[in-house]
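Analysis of the macromolecular model
One letter stands for each residue in the lines below.
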Amino acid sequence: MDLKKAMETLPEKGYLDIPIPKDIDLVDEINRLRKEKNVVILAHYYQVPEIQDIADYVGDSLGLAQAASKTEADIILFAGVHFMAETAKILNPSKKVLLPDLLAGCSLAESAPADKFENFKKQHPDHIVVSYVNTSAAIKALTDIVCTSSNAEKIINSIPKDKKIIFAPDKNLGAYLIKKTGRDMLLWDGTCEVHEQFSLDKILKLKEAHPEAKIIAHPESRDYILNIADYIGSTSGLLKYVQESDAKAFIVATESGILHKMAQVAPGKILIPAPPENDDNSCACTKCPYMKRNTLEKIYLALQYEMPEVQVEETLRKKALVSIERMLELS
Ligand code: 13P
Ligand code: SF4
């Protein structure tokens, strides 16, 4: 039987590999299932356009965590990456949280293994730990306050000046925050493989060709990219900037999925994705391979079979919840 076989291969494939009848309309079926099962579909701005277009809410990491904390749905289908769905589960232990592909991970979250981070923390017992939301539940359990790129500055500024801080796992965001807040933080050596790729040369060439364009960048980018940016912000910050700026053109240094929402909220503006150093996907843009694992087909299968589900062990969940709730209170 298809389902039994598909369940056996789920850990390896990340999703239920079951053939979908050719004649069904995926969007109609997803709409039917979401209604029948009282599902909320949350999607990150880096999802492919067709997923963003069917979502109940599209947002940045903070907005998505807030939406997850308020939902009255019975099932949360999270079109994003694992740490986002895990955060939703930590906030909603009694709800079913579905991730269309369990292998939708995050290189930044992977860059902080819990055992190594615990040792590092032990070496600096007098430090407050601030962790970016792009971490596993195990890291959140070792964290005092979680933050996202939307609220990181505010969270660092809320910590008394005499307290020492460890910031993990993104060293680019950490270095940017040191500049912005003047706090001397101890940084974990992690990075996002997508935001590390932008080519300074290619961005400068684009700027020569479009001198009127503003360069805007996500703070996970390297310092030499941030140094030439006219604006630095979270995905929602970048969107707002493009919407409100008088400029007509923008070179956008973040994952290219965001261009879909940008074009919707700022019609008529010229949006140019910042190219990576090695352009092997030929789009002259960067794509997060983890975010892009989600598809409409996998969403349909996840809703139909209510799998794969994200689970968090209860003791760990309770510990991780504390640092997430502190962030939500401060946001
Ligand atoms: P935002 O919180 O800005 O949406 O960032 C999430 C992320 O994964 C960036 O790579
Ligand atoms: Fe993680 Fe980078 Fe992908 Fe964001 S873009 S989910 S930080 S790998």
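The sections below set out a description of the structure shown in this document. The structure presented is a predicted model; accordingly, all values stated were derived computationally and were not measured.

Parameters and conventions
- Residues numbered from 1 in each chain as written.
- Chains lettered and ligands numbered in written order.
- Predicted model: local features only at pLDDT ≥ 70, side-chain atom pairs only at ≥ 80, totals over all residues.
- Heavy atoms only, no water.
- Pairing = 2+ DSSP bridges.
- Helix = DSSP H or I, 4+ residues; strand = E, 2+ residues; numbered from the N terminus.
- Contact = heavy atoms within 4.5 Å.
- Axes fitted to C-alpha atoms, helices over the stretch in contact; angles between N-to-C directions.
- Near = heavy atom within 4 Å.
- 1 Å grid on protein atoms, 1.4 Å probe; cavity = no way out; pocket = protein on both sides within 12 Å on 5 of 7 lines; lining within 4 Å.
- Sits in = over half its atoms within 2 Å of the grid points.
- Nonpolar A, V, L, I, M, F, W, Y, C, P; charged D, E, K, R; others polar.
- Phe/Tyr/Trp six-rings, centres within 6.5 Å; stacked < 30°, edge-to-face > 60°.
- Buried < 20%, exposed > 50% of the residue type's maximum accessible area, 1.4 Å probe, protein only.
- Lys NZ or Arg CZ within 6 Å of the ring centre and 35° of its normal.
- Lys, Arg positive; Asp, Glu negative; His and termini not counted.
- Salt bridge = Lys/Arg side-chain N within 4 Å of Asp/Glu carboxyl O.
- Polar contact = N/O pair within 3.5 Å; in protein donor to acceptor, adjacent residues only side chain to side chain.
- Areas by Shrake-Rupley, 256 points an atom, 1.4 Å probe, with all protein chains shown as cover.
- Disulfide = S-S within 2.5 Å.

A word on the sheet that holds strand β10 (residues 231-232)
- Spatially, the 4 strands line up as an open sheet ordered β10-β9-β11-β12, and their pairing is parallel. The sheet terminates laterally at β10 and β12 (270-273), the two strands that pair on one side only.
- Examined bridge by bridge, strand β11 (residues 249-253) and β12 share 4 bridges and lie parallel to one another. What sits directly across from A249, in β12, is I270.
- Relative to the sheet, helix α11 (residues 200-209) contacts β9 (214-217), β11 and β12, its axis offset from that of β11 by approximately 175°.

Some thoughts on the site of ligand 2
- Every residue near ligand 2 is listed here: Y46, V81, C106, S107, L108, N134, C192, V194, E220, C288, Y290 and M291.
- A molecule is said to occupy a pocket when more than half its atoms come within 2 Å of that pocket's grid points, and by this definition ligand 2 occupies the largest cavity.
- By residue class, the composition of the shell around ligand 2 is 9 nonpolar, 2 polar and 1 charged.

Focus: the packing of aromatic side chains
- Evaluation of the coordinates by the stated rule reveals 5 aromatic pairs.
- Ring centres 5.3 Å apart and planes at 75° place the aromatic pair F117 and W188 in the edge-to-face group. With F117 in helix α7 (residues 114-123) and W188 in the loop between β8 (186-187) and α11, this pair connects stretches of sequence that are 71 residues apart.
- Given the relative accessible area of 0%, F117 is considered buried.
- Between the aromatic rings of Y231 and Y241, the centroid separation amounts to 4.6 Å while the plane-to-plane angle is 5°, which identifies the pairing as stacked. Pair noted here: Y231 is in strand β10 and Y241 is in helix α13 (residues 235-244), with a separation of 10 residues, a long-range link.
- Through a chain of ring-to-ring contacts, three or more aromatic side chains come together here, namely F117, F120 and W188.
- For the cation-ring pair, K298 lies above Y15, with the distance from its terminal atom to the ring centre recorded as 4.5 Å.

Structural notes on the side chain of K89
- Here K89 is to be found in helix α5 (residues 82-91).
- One buried charged residue, K89, forms no salt bridge at all, with the nearest opposite charge on E309 at 4.2 Å.
- In this structure the side chain of K89 is engaged in a polar contact, spanning 3.2 Å, whose partner is the backbone oxygen of P93.
- Excluding anything up to four places from it in sequence, K89 contacts K95, V97, E309, V310, Q311, V312 and R317.

A short note on the site of ligand 1
- Taken together, H44, Y46, D60, S61, Y132, N134, S149, H195, H218, E220, S234 and T235 make up the full set of residues adjacent to ligand 1.
- Between ligand 1 and H44 there is a distance of 2.7 Å, counted from an oxygen atom to a side-chain nitrogen or oxygen.
- Here N134 contributes a side-chain N or O atom positioned 3.2 Å from an oxygen atom of ligand 1.
- Protein chains shield 96% of the accessible area of ligand 1, which is 300 Å² for the free molecule.
- The site holding ligand 1 turns out to be the largest cavity.
- Broken down by class, the residue content of the shell around ligand 1 amounts to 2 nonpolar, 8 polar and 2 charged.

Notes on the state of the cysteines
- Following the criterion strictly, the structure yields 1 disulfide and no others.
- Residue C283 pairs covalently with C285 via a disulfide, S to S 2.0 Å. Judged by the sign of its S-S torsion, about -95°, the cystine formed by C283 and C285 is left-handed.
- Residue classification places C283 among the partly exposed positions, given a relative accessible area of 28%.
- Classification of C285 as buried rests on a relative accessible area of 5%.
- Considering cysteine sulfurs only, C106 is the nearest to C147, which forms no disulfide, with 13 Å between them.
- Taking relative accessible area as the criterion, C147 reaches 0% and is therefore assigned buried.

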